[in-house]
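Secondary and tertiary structure notes
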Amino acid sequence: KRFKLRSFASILLEEAGREDGAAKAHLDSETVLPKAKVQPSRKFCPVTGLEGIYTEPKSSIPYANLTALEQIRERAPPWMALGGTASYWEAVKSLRGDE
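The structure presented is a predicted model; accordingly, all values stated were derived computationally and were not measured. (Residues numbered from 1 in each chain as written. Predicted model: local features only at pLDDT ≥ 70, side-chain atom pairs only at ≥ 80, totals over all residues. Heavy atoms only, no water.)

A look at the side chain of Ser-59
Within the secondary structure, Ser-59 is located in the loop between β1 (54–55) and β2 (62–63). In this structure Ser-59 comes out as buried when scored by relative accessible area, which is 11%. Reaching out from Ser-59, the side chain makes a polar contact with the side chain of Glu-56 at a distance of 2.7 Å. (Helix = DSSP H or I, 4+ residues; strand = E, 2+ residues; numbered from the N terminus. Buried < 20%, exposed > 50% of the residue type's maximum accessible area, 1.4 Å probe, protein only. Polar contact = N/O pair within 3.5 Å; in protein donor to acceptor, adjacent residues only side chain to side chain.)

Digging into the pattern of salt bridges
With the rule as written, the count across this model stands at two salt bridges. The partner of Arg-42 in a salt bridge is Glu-51, with the nearest N and O atoms 3.0 Å apart. Residue classification places Arg-42 among the exposed positions, given a relative accessible area of 55%. Taking the relative accessible area as the measure of exposure, Glu-51 reaches 37% and is therefore partly exposed. In this structure, Arg-73 engages Glu-56 in a salt bridge whose closest nitrogen and oxygen atoms are separated by 3.4 Å. Of the two residues, Arg-73 sits in helix α3 (residues 66–74) while Glu-56 sits in the loop between β1 and β2, which places them 17 residues apart along the sequence. Overall, the relative accessible area of 4% leaves Glu-56 in the buried class. (Salt bridge = Lys/Arg side-chain N within 4 Å of Asp/Glu carboxyl O.)

Below, the structure written as structure tokens:
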């Protein structure tokens, strides 16, 4: 007995029309996608441009090595120069020279 040649698409269509077919069960089942892993955001050193492995404790600026830490401490960010309790807008005003 010879089998009739059929394409894969025709087999799937035939299976989808049957009530007891495996394709019907597959089409009726809900697809559950695996949850994507959320990667933590990477922080970069503003001095070197490398990944900031360490964090400067006073300003929370990430730095890559000791040389970068020294430069960050040498030139403190404006919000640190205003006593550490200044708001963002006060720091912006001091940068612009509005005071």
